[in-house]
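# Working through the structure, step by step
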Amino acid sequence: VEDKNITLNYGAGDTSASANGAGITIQDAVNSTTDATILWDATNDEFDFSHQINIPSLVSTSNIIASNSSGFGSLELGGSSGGFIDLKTPASDDYDARIIYAGSNLQILTNLDQPILLRHNNSTKLATTSTGINVTGTVVADNLHIDSTSGQLKISRVGSSDNGIYWDRLGTQDAAIQVASNEHLNIDNNFGNPINFRIGADGSETTYLSVSSSGIDVTGNVDISGNLGVG
């Protein structure tokens, strides 16, 4: 360490708990201020870094390993505004990626035009993009709230199967499409094809109502409890 004095402090010279106090002191050789004091905790048979005062720059050419015989190793970083870990290639970069806690939220970010990946069993399940996120797999949520003032909810399925929205039985209803009070429910397509309302199960669905540019076609009986107006 450039311009640093490293002093080894010895305790009572035995192997009992009275050896507490042994440790390492790192001192600035220029102004004689103490940068770090690392004490030996003979009771727990480990170094105690809680007395560390200040190390302006710590450089390691190997791994830094934190372990504890009790089962948890910990690396604690923090300051008055939070703490962060920078990842860089090469090491002289400012940072390429950063994990930061800014006092109120945890952020994972990158300075590069590259995705951030969340992986399970070495398989990517979520990837960030320049326009949003890509999810591979099933999204399970108690509630799904999509709030947009200008965008649209688009549901598509790649392949030969029909696109669709499917509902499992929840509570007392199999499926429901609801709109707010005084609003309209519009069902349309951009291909000029009829819109069919089908009822059935197990691939035996029958079209009972078909809406096309010429009107509607009904298969089956029409039961009317009120008035029928034709104009």
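See above for the structure.
Notes on the structure in this doc start here. Along each chain, the written sequence defines residue order, and numbers are assigned to residues from 1. Only residues with pLDDT of at least 70 are given local features in this predicted model, and only at 80 or more are side-chain atom pairs given and counted; all residues enter the totals for whole chains, interfaces and linings. With hydrogens and water stripped out, all remaining heavy atoms of the structure feed into the side-chain values.

### Side note on the pattern of salt bridges
Counted only if it meets this: The rule for a salt bridge is simple: a side-chain nitrogen of Lys or Arg has to be within 4 Å of a carboxyl oxygen of Asp or Glu. Strands are runs of DSSP state E lasting at least 2 residues, helices are runs of H or I lasting at least 4, and numbering of each runs from the N terminus. Each residue's exposure class comes from its accessible area (1.4 Å probe, protein chains only) as a fraction of the maximum for that residue type: buried when under 20%, exposed when over 50%, partly exposed otherwise.
Here the structure, examined in full by the defined rule, presents 1 salt bridge. A salt bridge links R98 to D86, with the nearest nitrogen and oxygen atoms 2.5 Å apart. Of this pair, R98 sits in strand β6 (residues 97-101) while D86 sits in strand β5 (residues 83-87), placing them 12 residues apart in sequence. Look at R98 and you get buried, because its relative accessible area is 15%.

### Digging into the packing of aromatic side chains
Put simply, the test is: Two rings from Phe, Tyr or Trp (for Trp, the six-membered ring) form a pair when their centres sit within 6.5 Å of each other. Planes less than 30 degrees apart are called stacked, planes more than 60 degrees apart edge-to-face, and all others tilted. Whether a charge lies above a ring is judged from NZ of Lys or CZ of Arg, which has to be within 6 Å of the ring centre and within 35 degrees of the ring normal.
In the structure shown here, the tally under the stated rule is 0 aromatic pairs. Across the ring face of Y95, the terminal group of R98 is positioned such that the distance to the ring centre comes to 3.9 Å.

### Remarks on the sheet that holds strand β13 (residues 215-218)
To keep things clear, this is the line we draw: Whether two strands pair depends on DSSP finding at least two bridges between them. Whenever a helix is involved, its axis is fitted only over the stretch in contact; in every case the axis is a line through C-alpha atoms, and angles between N-to-C directions fall within 0 to 180 degrees.
Read across the open sheet, the 3 strands follow the order β11-β12-β13; overall the sheet is antiparallel. The open sheet has two free edges, formed respectively by β11 (195-199) and β13, since each of these has just one partner strand. Adjacent strand axes in the sheet meet at a mean angle of 15 degrees, parallel and antiparallel pairs treated alike. With 4 bridges joining them, strand β12 (residues 206-212) and β13 adopt antiparallel strand pairing. Pairing of S210 across the sheet is with D217, part of β13.

### Some thoughts on the pairing of β6
In the case of a regular strand, side chains alternate between the two sheet surfaces. Judged by which residues are buried, β6 turns out to be one-sided: R98 and I100 face inward and are buried, whereas A97, I99 and Y101, on the alternate face, are not. Sheet topology note: the β5/β6 ladder contains 5 bridges and is antiparallel. The residue bridging F84 from the neighbouring strand is I100, located in β6. Relative to strand β7 (residues 106-110), β6 runs antiparallel, the two sharing 5 bridges.

### Structural notes on the side chain of D96
Going by this rule: Polar contact is the term for a pair of N or O atoms within 3.5 Å; when the atoms are in protein, one must be able to donate a hydrogen and the other to accept it, and sequence-neighboring residues count only if both atoms are side-chain atoms. Note on contacts: a residue pair qualifies if any of its non-hydrogen atoms lie within 4.5 Å across the two residues.
As for its position among the elements, D96 is in the loop between β5 and β6. Reaching out from D96, the side chain makes a polar contact with the backbone nitrogen of T89 at a distance of 2.7 Å. Sequence-distant contacts of D96, defined by excluding residues within four places in its chain, comprise L87, K88, T89, L109, T110, N111 and L112.

### Topic: the sheet that holds strand β10 (residues 133-135)
On the basis of which strands lie adjacent, the open sheet formed by 3 strands has the order β8-β9-β10 and antiparallel pairing. A single partner strand is all that each edge strand has here, and the edge strands are β8 (117-120) and β10. Sheet twist, expressed as the mean angle between neighbouring strand axes with direction ignored, is 20 degrees. Relative to β10, strand β9 (residues 123-128) runs antiparallel, the two being bridged by 3 bridges. Its bridge partner lying in β10, T128 is registered against I133.

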